[in-house]
Amino acid sequence: QVQLVESGGGLVQAGGSLRLSCAGSPHTFSRYAMGWFRQAPGKEREFVAAINWSGDSTYYVDSVKGRFTISRDNAKSTVYLQMNSLKPEDTAVYYCAAHVRQFAAITTTRTDFGSWGQGTQVTVSS
């Protein structure tokens, strides 16, 4: 299991940018594919972006392609989500998550992720 702590959420106007960070356990973080999910009020938690353990493969949900970028710094045991051109529909609690298995392939399936952070609120005003 990986301990995860998100930061970087906040209130921003439409068109603005935010960068979310997720710090993980230093000794094991680099072995896990990581993902970002989000959950808006009254909706199910949905996949946003994922990155493999080495950082050379990424995947995005269509609604954020070209606007969001996932990256990782294994030396700092941190994964990032750079969010540009934010829209009101991006408003949600954002969660980072670690895959249940070490060195697994990239995935978008929520149940493949076994460790979750506490979430950070992102609010985009129109």
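The preceding data block contains the structure.
Residues numbered from 1 in each chain as written. Predicted model: local features only at pLDDT ≥ 70, side-chain atom pairs only at ≥ 80, totals over all residues. Heavy atoms only, no water.

K.L.:
I'd love a proper account of the state of the cysteines, names of residues and values included.
P.N.:
The tally for this structure, following the rule as stated, stands at one disulfide. Each sulfur in the disulfide pair Cys 22 and Cys 96 lies 1.9 Å from the other. Looking down the S-S bond of the Cys 22 and Cys 96 bridge, the torsion is 50°, so its handedness is right-handed. With Cys 22 in strand β3 (residues 18-24) and Cys 96 in strand β9 (residues 92-99), this pair connects stretches of sequence that are 74 residues apart. Taken individually, Cys 22 and Cys 96 each receive the classification buried, so the pair is uniform in this respect. (Disulfide = S-S within 2.5 Å. Helix = DSSP H or I, 4+ residues; strand = E, 2+ residues; numbered from the N terminus. Buried < 20%, exposed > 50% of the residue type's maximum accessible area, 1.4 Å probe, protein only.)

K.L.:
Just give me the short version of the pattern of salt bridges, but keep the residues and values in it.
P.N.:
Any two side chains of opposite charge can pair, so long as their charged atoms come close to each other. Tallying each qualifying case throughout the model produces four salt bridges. Salt-bridge contacts for Arg 67 lead to Asp 90; the nearest nitrogen and oxygen are separated by 2.8 Å. Residue Arg 67 is located in the loop between β6 (58-60) and β7 (68-73), and its partner Asp 90 is located in the loop between β8 (78-83) and β9; the two are separated by 23 residues in the primary sequence. Like Arg 67, the residue Asp 90 is buried in the burial classification. (Salt bridge = Lys/Arg side-chain N within 4 Å of Asp/Glu carboxyl O.)

K.L.:
I'd like to hear about the packing of aromatic side chains, residue by residue, with values.
P.N.:
Using the criterion set out here, one finds six aromatic pairs in the structure. Between Phe 37 and Phe 113 the ring centres are 5.2 Å apart and the planes differ by 75°, which places this aromatic pair in the edge-to-face class. Of this pair, Phe 37 sits in strand β4 (residues 34-39) while Phe 113 sits in strand β10 (residues 113-116), and the two are 76 residues apart along the sequence. Note on Phe 37: relative accessible area 1%, which makes it buried. Given the relative accessible area of 4%, Phe 113 is considered buried. For the pair Trp 53 and Phe 103, a centre-to-centre distance of 5.0 Å together with 85° between the ring planes defines the contact as edge-to-face. Here the residue Trp 53 occupies a position in the loop between β5 (46-51) and β6, and Phe 103 occupies one in the loop between β9 and β10, the gap between them amounting to 50 residues. An aromatic cluster is built from Phe 37, Phe 47, Tyr 59, Phe 113 and Trp 116, whose rings are joined through pairwise contacts. Sitting above the plane of the Tyr 95 ring, Arg 45 keeps its charged end 3.6 Å from the centroid. (Phe/Tyr/Trp six-rings, centres within 6.5 Å; stacked < 30°, edge-to-face > 60°. Lys NZ or Arg CZ within 6 Å of the ring centre and 35° of its normal.)

K.L.:
Tell me what's going on with the sheet that holds β8, and back it up with residues and numbers.
P.N.:
The strands making up a sheet associate through backbone hydrogen bonding, with each pair oriented either parallel or antiparallel. A sheet is described by the order of its strands in space; here four strands give the open sequence β1-β3-β8-β7, paired in antiparallel fashion. In this open sheet, the two edge strands, each paired with only one partner strand, are β1 (4-7) and β7. Each adjacent strand pair in this sheet contributes to an overall mean axis angle of 15°, direction not counted. (Pairing = 2+ DSSP bridges. Axes fitted to C-alpha atoms, helices over the stretch in contact; angles between N-to-C directions.)

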